[in-house]
Amino acid sequence: MAIGATMHTFDVQLADVDRGVYEDLSLRVAQHPSETDAYMITRVLAYCLEYEEGISFSAGGVSTGEEPAILVKDLTGLITAWIEIGAPDAQRLHLGSKRADRTAVYTHRDPEKLLTAWRGKIIHQAEQIRFRSFDSTFIDDAVRCLTRRNTMSVSVTEGQIYLELNGTNLQTQFSEHVIE
């Protein structure tokens, strides 16, 4: 018998001052059995940092051959944003960049290793892909606070992220990287 996804809930107060986005979100997040807690919290943070009308998680929680971990569709069903988590390969980024108006990558892994792996590979409009990384200590601390039912507030100002997760306050600055 196959192991099913574990459901997590996140009641989120989002205040992204940098983008002028203020929302109360109630997220049901399916954690695939192969998905680490670090990947899942990175996925939830990316969802918040990219939040706009039409955003959704992919079925099953992790990237599939057809879709990224997070995508944004307009009212006609057209993909407008392709958002990868973790360490996607160059071919997936190339595909995503061709299929959507904008592409983003959020990782909790070493960004230099990813940049090295992508260097010299064909990636459509690579210089326009938003590539952000989180400090691994920040992600590790957030993972320690996770439960099945989570309350969190995410505030973003001048690239600084203030996270309150289940009563624990954390902060970090995400790093932006250029894909060459």
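For the structure, check the block above.
Attention in this report is confined to the structure presented alongside it. (Residues numbered from 1 in each chain as written. Predicted model: local features only at pLDDT ≥ 70, side-chain atom pairs only at ≥ 80, totals over all residues. Heavy atoms only, no water.)

### Here's the deal with the packing of helix α1 (residues 37-49) against helix α4 (residues 136-145)
In the contact formed by α1 and α4, the axes pass within 9 Å of each other and the chain directions differ by 100°. Of the possible angle classes, the one that applies to α1 and α4 is roughly perpendicular. Contacts from D37, A38, I41, T42 and L45 of α1 reach α4 at F138, I139, A142 and V143. (Axes fitted to C-alpha atoms, helices over the stretch in contact; angles between N-to-C directions. Helix = DSSP H or I, 4+ residues; strand = E, 2+ residues; numbered from the N terminus. Parallel < 35°, antiparallel > 145°, perpendicular 65-115°, else oblique. Contact = heavy atoms within 4.5 Å.)

### A word on the pairing of strand β8 (residues 149-157)
Pairing analysis gives 8 bridges linking strand β1 (residues 6-16) to β8, with the strands arranged parallel. Bridge pairing in β8 links D11 to T151. As paired strands, β8 and strand β9 (residues 160-165) are joined by 6 bridges and run antiparallel to one another. Across the sheet, the residue bridging to V154 is L163, located in β9. In this structure, the hairpin formed by β8 and β9 is closed by a connection of 2 residues, where E158 is found at a positive phi of approximately 50°. (Pairing = 2+ DSSP bridges.)

### Some remarks on the packing of aromatic side chains
Where two aromatic rings form a pair, the distance of their centres and the angle of their planes describe that pair. Scanning the model with the defined rule gives 5 aromatic pairs in all. For the ring pair Y106 and F134, a centre distance of 6.1 Å and an interplane angle of 25° mean the geometry is stacked. In this pair, Y106 is assigned in strand β6 (residues 102-107) and F134 in the loop between β7 (130-133) and α4, connecting sequence segments 28 residues apart. The residues Y106 and F134 share a single accessibility class, namely buried. By the ring-pair criterion, three or more aromatic residues cluster together here, those being Y47, Y51 and F57. Here the basic side chain of R43 rests over the ring of F57, its NZ or CZ set 4.9 Å away from the ring centre. (Phe/Tyr/Trp six-rings, centres within 6.5 Å; stacked < 30°, edge-to-face > 60°. Buried < 20%, exposed > 50% of the residue type's maximum accessible area, 1.4 Å probe, protein only. Lys NZ or Arg CZ within 6 Å of the ring centre and 35° of its normal.)

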